[in-house]
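So you can see what is in the structure, the chains are spelled out below.
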Amino acid sequence: MKVYKVAVLPGDGIGPDVMKEALKVLKTLSEIDSTFTYETTEFNWNTDHYVKHGLMMPENGLEQLEEFDSILFGAVGDSRVPEHIPIWELIMPIRKNFQQYINFRPIKLLKGLETRLKQERDIDFVIIRENAEGEYSTAGGKMYQGESRELAVQNTIMTREGISRVAAYAFQYAKEHQLRKVTNATKSNAIIHTMKLWDKVVEEIANDFEAISYEKYYVDAIAALFVESPENFQLVLASNLFGDILSDLGSAIAGGLGVAPSANINPNGEFPSMFEPVHGSAPDIAGKGVANPIAQIWSLALMLQNFGRSDLHDKVLFSIEDVLEEKKTLTPDMGGKATTGQVGDAIVNKLKKRM
Ligand code: ATP
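Starting from 1, residues in each chain are numbered consecutively following that chain's sequence as written. For this predicted model, a pLDDT threshold of at least 70 governs which residues receive local features, and a threshold of 80 or more governs which side-chain atom pairs are given and counted, while totals over whole chains, interfaces and linings are taken from all residues. To obtain the side-chain values, all non-hydrogen atoms of the structure were included, while hydrogens and water were left out.

Visitor: Would you take a moment to explain the packing of helix α5 (residues 160-176) against helix α6 (residues 194-207) for this structure?
Guide: The axes are straight lines fitted to the C-alpha atoms, using for helices just the contacting stretch, and the angles between their N-to-C directions are given from 0 to 180°. Secondary structure elements are defined from DSSP: runs of H or I of at least 4 residues count as helices, runs of E of at least 2 residues count as strands, and each element is numbered from the N terminus. Running from N to C, α5 and α6 cross one another at 40°; their axes reach a closest spacing of 9 Å. The orientation of α5 with respect to α6, classified from their angle, is oblique. Regarding α5 and α6, the two cross each other, and that crossing is right-handed. Contacts between α5 and α6 involve R160, I163, S164, V166, A167, A168 and F171 from the first element and L197, W198, K200, V201, V202, E204, I205 and A206 from the second. Angular relationships are summarised with four words: roughly parallel below 35 degrees, roughly antiparallel beyond 145, roughly perpendicular across 65 to 115, and oblique for the angles in between. By definition, turning the near helix anticlockwise from the far helix through less than a right angle yields a left-handed crossing, and turning it clockwise yields a right-handed one. Whether two residues touch is decided by their heavy atoms; if any such pair falls within 4.5 Å, the residues are in contact.

Visitor: When you look at the pattern of salt bridges in this model, what are you seeing that I'm missing?
Guide: When charged atoms on two side chains of opposite charge get close, those side chains can pair. We define a salt bridge as a side-chain nitrogen of Lys or Arg found within 4 Å of a carboxyl oxygen belonging to Asp or Glu. Following the criterion strictly, the structure yields 21 salt bridges and no others. Linking D248 and R105 is a salt bridge whose minimum nitrogen-to-oxygen distance equals 3.4 Å. Here the residue D248 occupies a position in helix α8 (residues 240-253), and R105 occupies one in strand β4 (residues 102-108), the gap between them amounting to 143 residues. D248 sits in the partly exposed class, given a relative accessible area of 38%. With its nearest N and O atoms 3.5 Å apart, the salt bridge here joins D199 to K216. With D199 in helix α6 and K216 in strand β9 (residues 213-218), this residue pair connects regions lying 17 residues apart in the sequence. Look at D199 and you get buried, because its relative accessible area is 4%. When its relative accessible area of 40% is taken as the criterion, K216 is described as partly exposed. Salt bridges sharing partners connect three or more residues here, namely E21, K24 and D345. Here the term buried applies to any residue with accessible area under 20% of the maximum for its type, exposed to any over 50%, and partly exposed to those in between, with areas from a 1.4 Å probe on protein chains only.

Visitor: Got a minute to help me understand the site of the ligand in this structure?
Guide: By nearness alone, 13 residues border the ligand, and H279, G280, A282, D284 and N292 come closest of all. The separation between a nitrogen atom of the ligand and a polar side-chain atom of H279 is 3.4 Å. N or O atoms within 3.5 Å of each other form a polar contact, as long as, within protein, one can give a hydrogen and the other can take it, and as long as residues adjacent in sequence are counted only when both atoms are side-chain atoms. Backbone polar atom of G280 to an oxygen atom of the ligand: 2.7 Å apart, as the coordinates give it. Computed with a 1.4 Å probe, the accessible areas rest on the Shrake-Rupley method; for each residue, only the protein chains presented here act as cover. Protein contacts shield 61% of the accessible area of the ligand, which totals 600 Å² for the unbound molecule. Whether a residue is near a molecule or strand depends on its heavy atoms: it is near if one of them lies within 4 Å of it.

Visitor: Please clarify how helix α7 (residues 219-228) should be interpreted in this entry.
Guide: For α7, the full list of buried residues reads V219, I222, L225 and F226. The arc that holds the buried residues of α7, viewed along the axis, is 110°, so those residues lie on one side. Residues of α7 that are buried make contact with β5 (124-130), β8 (181-186), β9, β10 (235-238) and α8. This arc is built from the directions going out from the helix axis to the C-beta atoms.

Visitor: Got a minute to help me understand the sheet that holds strand β1 (residues 3-11) in this structure?
Guide: Note: strands within a sheet are paired through backbone hydrogen bonds, in either parallel or antiparallel orientation. Spatially, 10 strands are ordered β2-β1-β3-β12-β11-β4-β5-β10-β8-β9 in an open sheet, and the strand pairing comes out mixed. A single partner strand is all that each edge strand has here, and the edge strands are β2 (37-42) and β9. The sheet shows a mean angle of 25° between the axes of neighbouring strands, taken without regard to direction. A strand pair is defined by DSSP finding two or more bridges across the two strands. Examined bridge by bridge, β1 and β2 share 6 bridges and lie parallel to one another. What sits directly across from V8, in β2, is E42. The sheet strands contacting helix α4 (residues 84-97) are β1, β3 (70-75), β4, β5, β11 (261-265) and β12 (273-277), and the helix crosses β12 at an angle near 140°. Packing against the sheet, α6 makes contact with β5, β8, β9 and β10, and its axis sits at approximately 170° to β8.

Visitor: Just to check I follow, could you spell out the domain arrangement of the protein chain for this structure?
Guide: The extent of an interface is frequently quoted as the accessible surface area lost upon association of the parts. Domain segmentation is taken from an automatic or database assignment of domains. When its domains are assigned, the protein chain resolves into domain 1 (1-110 + 257-355) and domain 2 (115-254). Taken together, the contact pairs 21 residues of domain 1 with 28 residues of domain 2. In total, domain 1 and domain 2 occlude about 2200 Å² of area from one another, counting both sides; carbon and sulfur atoms represent 56% of this. Buried area is calculated as the accessible area (1.4 Å probe) missing from two parts once they are joined, with the contributions of both summed. On the domain 1 side of the interface with domain 2, the three residues burying the most area are Y101, I107 and L109, jointly 34% of the side's total.

Visitor: How should empty space enclosed by the protein be read in this particular structure?
Guide: The gaps left among the atoms become clear once a water-sized probe is rolled over them. The distinction between a cavity and a pocket rests on a 1 Å grid over the protein atoms alone: a 1.4 Å probe fits inside a cavity but cannot get out, while a pocket stays open yet meets protein on both sides within 12 Å along at least five of seven lines, and a residue with an atom within 4 Å of a point counts as lining. Grid points are joined across faces, edges and corners, and a volume is the space filled by probe spheres set on the points. The tally for this structure, following the rule as stated, stands at 1 cavity of 30 Å³ or more. Looking at the largest cavity, its volume works out to about 70 Å³. Looking at the largest cavity, it is lined by 13 residues, and the ones nearest its centre are P106, S251, V259, A260 and P261. Going through the elements one at a time, β4 and α8 are the ones with two or more residues in the lining of the largest cavity. Per-element accounting of the lining of the largest cavity gives the leading share, 4 residues, to β4. Its residues placed into classes, the lining of the largest cavity shows 8 nonpolar, 3 polar and 2 charged. Under the scheme applied, nonpolar residues are Ala, Val, Leu, Ile, Met, Phe, Trp, Tyr, Cys and Pro; charged residues are Asp, Glu, Lys and Arg; polar residues are all the others, including Gly.

Visitor: Which parts of the structure should I look at to understand the environment of A7?
Guide: With respect to the helices, strands and loops of the structure, A7 is situated in strand β1. Sequence separation between A7 and E39 is 32 residues; the distance between their C-alpha atoms is 8.6 Å.

In structure tokens:
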């Protein structure tokens, strides 16, 4: 029987608090389903590591991670280190070197949650964001620092290969999940080189999937539509920057950061994929026992789905919904008084009843 090897990186701030609860859920799954076995190895690559060693991870960090089936990530960053350090020395190297070129974010209003929009809405779509190139590149430079003519250039890198693989993934996902429509988030009216190539390649892929309708909207219009009529979306395909912004807007309309999961996927399985909540390390509430663990637990569920265990994914998600619908055990961000641990325990109890 396959033993899934999971690298666990709790990180900083509330990362370790919420990770503890996700690991409780993982343990429960293996206890009640004899067909699911796993082993975890924890890596304390965080701000403490940086302060001690001057590095977010050891020089052979990526080699160490490469042998795992997946990476479960918490959150990184605290005030002792400039905020770009954990991003560019830990998260980005993992995403880019492991070719996790898909960022997958479900925007789903779980049962028991209320939208922050004025009217109740049926919100259930996914955002597939290009995760390896685009606007988030280090290509560029700066000149004349400190002078009045100071300037900076940051280049967006879009390649035919990079666009076509994310677009193909999106349309294939739509086909496999019986979605009827893919929406391309673009801005090719103003960004006339890279975004025009993006549109051209996306449209070529769209033509290969005749059964799925394709629409193109400017990203600013999509931002408004997320608020006005989110029920009209099924799958939004976006570049790295646009997807990043739209995903946070998406999580805001569907319950907030405490319940927003994400997956960084290497689709061909050549390298491990990474699963992490959308939220950061939230230093304001770290160690207080009040962080909502649902985003981390849902991210764990996405990992199970990626292992091909959609059955376990669904059970975890239904158990989260059971707790939300009951409205008895909620953290303060959801209007409750429960601790992080109590919410984790409540989800574990619901899971036991469902197995
Ligand atoms: P980053 O810059 O990495 O995103 P940040 O601390 O600026 O980190 P987040 O950690 O994403 O931003 O969170 C912003 C605020 O949202 C936090 O300060 C916290 O109050 C709240 N928040 C985030 N995640 C959670 C959570 N899991 N449970 C409860 N509140 C949360």
